[in-house]
Amino acid sequence: MFKKILVANRGEIACRVMRTAKKMGIATVAVYSDADARSPHVLMADEAVRLGPPPAGESYLLADLILAAAKQTGADCIHPGYGFLSERESFARACAEAGIAFVGPPPNAIAAMGDKIESKKLAKAAGVNVVPGFLGEIDSTDHAVEIASGIGYPVMMKASAGGGGKGMRLAYSEQDVREGFEATKREGLASFGDDRVFIEKFIESPRHIEIQVMGDQHGNIVYLGERECSIQRRHQKVVEEAPSPFVTPKMRKAMGEQAVALARAVGYYSAGTVELIVSGADTTGEGFYFLEMNTRLQVEHPVTEAITGLDLVELMIRVAAGEPLGFTQDDVVLNGWAVENRVYAEDPYRGFLPSIGRLVRYNPPESSETPYLSPSRLRVSGRSVPWTDLNDAGHRSPETGLGEGLSSSDATSGHALSQPLPQAGGEQEGESYTRVDDGVREGGEVSMFYDPMIAKLITWAPTRIEAIDAQIDALDRFEIVGPGNNVDFLSALMQHPRFRSGNITTGFIAEEYPDGFHGAPPSAELVEALAAIAAFAATAEADRARRTDGQLGKRLRPPSDWSVKIGETEHLVAISTRGITVDDSDLDIALEYTPGDRVVEAELDDAPLTVRIARTRTGFKLTTRGATHVARVLPAHVAPYAQHLIEKVPPDLSRFLLCPMPGLLMRLDVGAGDKVEAGQPLAVVEAMKMENILRAEKAGTVKSVNAAPGDSLAVDAVILEME
């Protein structure tokens, strides 16, 4: 086994790999850019080596520096994580030439699957279903239009070396192709150094489902079930779950066997993922097609770990060391359900624009211990090991027996799933666990140079709905102050009836939030509870204020009757020793609040309710269940006078083109004096390696231009002014 591992990555995945390495007794080495000098992955490692300045092209993407760091520290293996150099054939080959083990697949497999055009040809030859499309060289925009028309709209344009949602454009018409083809080429060149583009048919009502494969260097390859990754925004995954509510056992077997056939065709070993596009309209379960193979560990690997009990990082390390898997396909048993949400630094209330800055406060929900099985203990006498028979080490407790795997049916999907579940009854019933994978800390900074992910939240439970509900509870406990974040949006997704039904496609977010996200709609009962919490907090604040020394006269009692306005709804809340009433009705709520608290832990009708609370000038800002609610709280005898206050009208900024996010101005399409029409492209801003086209909101004439291509712009910086 290896003695020292260098993790050629940063953030949460670097921390994730190091946790397993430390568990295995392997020393760890971190590499870092100047932007990450005090990052958690650096502090967590036994040793750390500086690479260079913040841009990835001057640090994390420099293979020579990483290999030099490995030699300097005596590391005998390198784990690349995901992104950066993880799918570079040249890096894997350079590791081999340097005598350092690469914790990943062989270089020839990376090369074969790294080119999307060539990989589709290989997949077809291996008997894998492929999507109809054009895989040759595309000479020009006119050629792209000709190809797209021949395939039939809608089509998807993809950068051949793309990944992570970058370098992809959906086209419903010739105009879409003409507008998007060159942008797709530029994104491919900027992100992957390859501007080749291919075009394929866009599958209607598509679901994105992927198969996790694992192979060793002795020819053993297995599939570890599927992951449903259909909840995406701009082709980037937001929510993942395992298993899929759409996949039947028959489908799973067919998909898995095709994935293994493809892996075997390229001599694959280590962890890999075969991504499939699946027609949600095809009830036969045969409408699935190969998209690509990711020759690395996936961001969403924890949900597979949760339902299989396997530590995929440990398996990768052991395979790289030449060890056999130690189990076969028949040994793989799926237990329960797992859901993962990606917590991003982005503002869902402003069109999901990237948000960067310092994490003034970062307090994630508490993680439970992840129960891992030893590969040799996957099955005992043909029976599955229940989660409840796992001790802290991840092994079966000798005092407890093994229960037969129970078959369940998920009522939301209509498909019977052969998932062995934990034994029901007693303390085991309804058990779940929460896991947070992150690589940030309070006081750290979300940088413009890297991916905006803050953390991954993973929950496991015996059933899908229980795992989803565990997500809602955990998301309420996430406390992030500083950059904008998508926690409210993720909670709204978890509560959405369509998501909970399992009837999802890759178009879910666009279809359900066509006008953007404005917060999850609260129930009347929740609004009443928030009004009670706001009034209770106001009473506590007033009680503290009255105890301040040096006031004139006697100390007055704090108000007990409050007018609380949330949105357009106004409630009369009465606080007394007998309890709390809202609009003269008793409310079954229990809570505690001390001035200065940032979180209120309440019980509403005996159900837990976590609310993040922040003081405002006239009340409180309350965040829970996927929305932020501003509560105006006034003593009941004062509230009637509020109607006489003059409303403050915000200034009209419609004549300005403002930069919606921190980014680089790539292109300016107009100049002073130019006439523009509503919807016309005016500028292109790049943020997080994604190009964003800024369009005119209304017709007019450009009065002045305040920025030039190449300028780094802050959020709300004025690019140009109209007249």
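Remember, predicted model here, so these are calculated numbers, not experimental data. (Residues numbered from 1 in each chain as written. Predicted model: local features only at pLDDT ≥ 70, side-chain atom pairs only at ≥ 80, totals over all residues. Heavy atoms only, no water.)

Caption draft 1: Highlighting the nonpolar core. Among the nonpolar cores identified, the biggest contains 44 residues, and Ile5, Met214, Leu224, Ile317 and Phe327 are the most heavily contacted of them. Mapped by element, the contributors of at least two residues to this core are strand E1 (4-7), helix H1 (11-23), strand E11 (221-233), helix H10 (301-308), helix H11 (312-320), strand E15 (337-344) and strand E26 (453-461). It is H11 that provides the largest number of residues to this core, a total of 7 residues. With near-sequence residues (within four places) excluded, Leu224 lies in contact with Gln212, Met214, Thr304, Thr308, Leu310, Leu312, Phe327, Val332 and Leu334. Residues Ile454, Ala467, Phe478 and Met494 belong to the second largest nonpolar core, which totals 37 residues. (Core = buried A, V, L, I, M, F, W, Y, C linked by side-chain atoms within 4.5 Å. Buried < 20%, exposed > 50% of the residue type's maximum accessible area, 1.4 Å probe, protein only. Helix = DSSP H or I, 4+ residues; strand = E, 2+ residues; numbered from the N terminus. Contact = heavy atoms within 4.5 Å.)

Caption draft 2: Representation of the packing of aromatic side chains. As enumerated under the stated definition, the model contains 13 aromatic pairs in all. Here Phe352 and Phe489 contribute two aromatic rings whose centre-to-centre distance is 4.8 Å and whose plane-to-plane angle is 75 degrees, an arrangement assigned as edge-to-face. Note that Phe352 is positioned in the loop between strand E16 (346-347) and strand E17 (353-354) and Phe489 in helix H13 (residues 487-495), a separation of 137 residues in sequence. The ring of Phe499 carries the charged tip of Arg464 above its face, separated from the ring centre by 5.0 Å. Lying over the aromatic face of Phe620, Arg615 brings its terminal NZ or CZ to 4.7 Å of the ring centre. (Phe/Tyr/Trp six-rings, centres within 6.5 Å; stacked < 30°, edge-to-face > 60°. Lys NZ or Arg CZ within 6 Å of the ring centre and 35° of its normal.)

Caption draft 3: Structural view of the pattern of salt bridges. In this structure the tally under the stated criterion is 55 salt bridges. Among the charged side chains, a salt-bridge network with shared partners connects Arg16, Arg19, Lys23, Glu305, Asp311, Glu314, Arg318, Glu323, Arg435 and Asp437. (Salt bridge = Lys/Arg side-chain N within 4 Å of Asp/Glu carboxyl O.)

Caption draft 4: Quick peek at the sheet that holds strand E42 (residues 700-705). Read from one edge of the open sheet, 4 strands run E37-E44-E42-E39, paired in antiparallel fashion. Every other strand in the sheet has two partners, leaving strand E37 (656-658) and strand E39 (675-676) as the edge strands with one partner each. In this structure, E37 lies alongside strand E44 (residues 718-722), joined through 3 bridges in antiparallel fashion. By the bridge assignment for E44, Leu658 is matched with Val718. (Pairing = 2+ DSSP bridges.)

Caption draft 5: Representation of the confidence of the model for the chain in the model. Model confidence for the chain is summarised by a mean pLDDT of 88, while 90% of its residues fall at 70 or above. This model gives residues 376-430 a pLDDT under 50, and the stretch forms 115 contacts once residues within four places in sequence are excluded. (pLDDT = per-residue confidence, 0-100.)

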